[in-house]
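In case you want the letters, here they are:
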Amino acid sequence: MADGRTGAGISRGNLPPLELHVPEPRYRPGDAVDYSYLAIPEAGKQPRPDETCPAAETFPLCDDLIRVLDEDHRAVGPWNPRLDAETLRRMLRAMALTRAFDDRMYRAQRQGKTSFYMKCTGEEATSVASAFALASDDMVFPSYRQQGILIARGYPLVEMVNQIYSNRADVLKGRQLPIMYSARDYGFFSISGNLATQYPQAVGWAMASAIKGDTRIATSYIGEGSSAEGDFHSALMFAAVYNAPVVLNIVNNQWAISSFSGFAGAERSTFAARAIGYGIAGLRVDGNDALAVYAAMRWAANRARANGGPTLIEHFTYRAEGHSTSDDPSAYRSAREREEWPLGDPVMRLKRHLVALGEWSVEQHEAMDRELVEEVKTATKEAEKNGILGHGMHHPFHTMFEDVFEELPWHLQEQAEQAIRERRVKWPDWKE
Ligand SMILES: Cc1ncc(C[n+]2csc(CCOP(=O)(O)OP(=O)(O)O)c2C)c(N)n1
Ligand SMILES: [Mg+2]
């Protein structure tokens, strides 16, 4: 055309037409998997700067991977937290209990006892080991895959199951999706399904703690997919500007339901490297190495507590199972990804470390696993007495209208009466 227009747009001489890049995961169902593109450095080789160093000293670590457990299951290098054997065994137990709990609750969903469940298989170290590195009253703003923190803090399993079953003993009265716990006495903020909201809340809480002259710090956990939300950036900006005493964790399990991490920017840089732009400390850690996770969190918590400022920690890991009970990962990713995953299994790695130290044995581990299965079973049986999905043993119907207003306004009063009336018509035999 005379004005230089073409069918596709405006052409300028020999310039190529503009195009966008749409990320595509490396592997799809049935594909062979090759992880040789991943840079996995030797354990123990990463420098450990002073906890109150200028943030810039951590920047090389944003592109590295802090690792403590080596190929021979020994703990090596400056990040070795040198935990005593008893603490290591407690940590191992909490991780194995988290897994046993997940397995049983997954089956409970398949049996129709609850509508929904989410496992954290393969990611137990990111929550359990980091919880061990915090003070018990530090405030946690978790997402839905940090059940390991509640378990590490000793929250009763039976309360977790009551919540999952939305039964009459559910302390949240059936008002939250199963697994969206809330435990004020355990410093565990109510889980919200709205991704990344946890970050600004954690930063705000941390700022309030500082304003009050308190010594408690805040921490939060979101997935790598959630880091694409605007809330992520607002939170980092506030944390950086006010030097808030907060530790912000990104659990990079490489998948956000069926979207791979490339859609959150993983093809461009690491997630830890987001810290560099904000001028705050950043650490990238082997998320399947419980000792490295512990050490990174302890470093960041000490830094925050000493007014050294916020830290962004990326836990590099892999979501070994489906996103939730509503998901089928075989539809969008290769099953070989899990099999070939080079950072191993966090429970097995810690177990082998303890065995190598002579502080644990295969027999002890098997006995512990059997014990944990029983412990979870006892808790579920106890919770089942309070009801399961569909048995009607939930909180009385009218309670859904309570606890928001001190006095129920007339329009809600009317709605409540109407709801109860309609229910009597629909289910005349229903007893409340
Ligand atoms: C604001 C918002 N957007 C979308 C969703 C739907 N959603 C729930 S979980 C999820 C994936 C999150 O992935 P990631 O942050 O990587 O965490 P992961 O599930 O891998 O632990 C999405 C998109 C949501 N709950 N909230
Ligand atoms: Mg993810």
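Here the residue numbers are simple positions, counted from 1 along each chain's written sequence. To read the labels, note that chains go from A and ligands from 1, taken in the order they are written. A pLDDT threshold of at least 70 governs which residues receive local features in this predicted model, and a stricter bar of 80 or more applies before side-chain atom pairs are shown or counted, although totals over entire chains, interfaces and linings include all residues.

Take the nonpolar core next. Any set of buried Ala, Val, Leu, Ile, Met, Phe, Trp, Tyr and Cys residues joined through C-beta atoms within 7 Å is what this text calls a nonpolar core. We call a residue exposed when 12 or fewer other C-beta atoms sit within 10 Å of its C-beta, buried when the count reaches 20 or more, and partly exposed for counts in between; the C-beta positions come from the backbone. Grouped together as the largest cluster of nonpolar side chains are 100 residues, with contacts concentrated most on M91, M95, V128, V246, A296 and M297. By definition, residue pairs are in contact when their C-beta atoms, positioned from the backbone, come within 7 Å. When sequence neighbours within four positions are dropped, the list of residues in contact with V246 reads A202, V203, A206, I217, A218, T219, A239, A304 and P310.

Another aspect to go through is the sheet that holds strand β4 (residues 218-223). Pairing is parallel across the open sheet formed by five strands, whose spatial order is β3-β4-β5-β9-β8. The strands lining the two open edges of the sheet, one partner per strand, are β3 (139-141) and β8 (281-286). Averaged over all pairs of adjacent strands, the angle between strand axes in this sheet comes to 20 degrees, irrespective of strand direction. Each pair of strands is called paired provided DSSP finds at least two bridges between the two strands. Runs of H or I in DSSP of at least four residues are treated as helices and runs of E of at least two as strands, each being numbered from the N terminus. Relative to strand β9 (residues 311-316), β8 is paired through six bridges, and the arrangement is parallel. Across the sheet, R284 pairs through a bridge with E314, a residue of β9. The angle between two axes is taken between their N-to-C directions and runs from 0 to 180 degrees, where each axis is a line fitted to C-alpha atoms and a helix contributes only its stretch in contact.

Moving on, we get to helix α5 (residues 198-211). In this analysis, the expected span of each helix is defined as 1.5 Å times one less than the number of residues it contains. For α5, spanning 14 residues, the distance from its first C-alpha to its last is 20 Å, which sits close to the expected 20 Å at 1.5 Å a residue. Among the residues of α5, Q198, Y199, P200, A202, V203, W205, A206, S209 and A210 are the ones counted as buried. Residues of α5 that are buried make contact with β3, β4, α6 (230-242) and β5 (246-252).

Turning our eyes to something else, we now look at the pairing of β9. When you tally the buried positions in β9, you get six out of six residues, the bulk of the element. Where burial is concerned, the two faces of β9 agree: the one with T311, I313 and H315 and the one with L312, E314 and F316 are both buried. Taken together, the six bridges between β5 and β9 define a ladder with parallel strand orientation. Looking at the pairing, N249 lines up with I313 of β9. When the strands point away from the viewer, a crossover counts as right-handed if the path from the first strand over the helix to the second runs clockwise. In this view, the connection linking β8 to its parallel neighbour β9 by way of helix α8 (residues 290-305) has right-handed handedness.

Time to look at the UniProt feature "domain: Dehydrogenase E1 component" (unreviewed entry) in the protein. As recorded in UniProt, the sites labelled "domain: Dehydrogenase E1 component" (unreviewed entry) are residues 93-388. Overall, residues 93-388 shows 43% helix and 11% strand. The separation of its end C-alpha atoms is 28 Å. UniProt positions are given in the numbering used here, feature names are shortened, and annotations may be inferred rather than shown by experiment.

This next bit is on the site of ligand 1. A residue counts as near a molecule or strand when its C-beta atom, positioned from the backbone, falls within 6 Å of it. Taken together, 16 residues lie near ligand 1, and L195, G223, G225, S226 and A256 sit nearest. Those elements giving two or more residues to the shell around ligand 1 turn out to be β4 and β6 (255-256).

What follows covers the domain arrangement of the protein. With domains assigned, the protein is organised as domain 1 (55-384) and domain 2 (397-426). Inter-centroid distance (C-alpha atoms) of domain 1 to domain 2 is 39 Å. The split into domains, and so the bounds of each, comes from an automatic or database assignment of domains.

Inspection of the secondary structure puts A383 in helix α11 (residues 362-384). The exposure class assigned to A383 is buried, which follows from the 25 C-beta atoms found within 10 Å. C-alpha of A383 to C-alpha of I164: the two residues are 219 residues apart in sequence and 9.6 Å apart in space.

Further remarks concern the UniProt feature "domain: 2-oxoisovalerate dehydrogenase E1 alpha subunit N-terminal" (unreviewed entry) in the protein. Taking the numbering used here, the UniProt-annotated feature "domain: 2-oxoisovalerate dehydrogenase E1 alpha subunit N-terminal" (unreviewed entry) corresponds to residues 16-55. Its end C-alpha atoms 41 Å apart, residues 16-55 is made of 0% helix and 0% strand.

Turning our eyes to something else, we now look at the packing of α5 against α6. Where α5 meets α6, the axes come as close as 8 Å, and the angle between the chain directions of the two elements is 20 degrees. Judged on the interaxial angle alone, α6 and α5 are roughly parallel. As for the relative orientation of α5 and α6, their crossing is left-handed in sense. Contacts between α5 and α6 involve Y199, P200, V203 and M207 on the former and, on the latter, D231, F232, S234, A235, F238, A239 and Y242. Residue composition of the contact of α5 with α6, grouped by class: nine nonpolar, one polar and one charged. Should an angle fall under 35 degrees it is called roughly parallel, over 145 degrees roughly antiparallel, and 65 to 115 degrees roughly perpendicular, with every other angle called oblique. For any pair of crossing helices, the crossing counts as left-handed if the nearer helix is rotated counterclockwise from the farther one by less than a right angle, and right-handed if it is rotated clockwise. When residues are sorted by character, Ala, Val, Leu, Ile, Met, Phe, Trp, Tyr, Cys and Pro go into the nonpolar class, Asp, Glu, Lys and Arg into the charged class, and all the rest, Gly among them, into the polar class.

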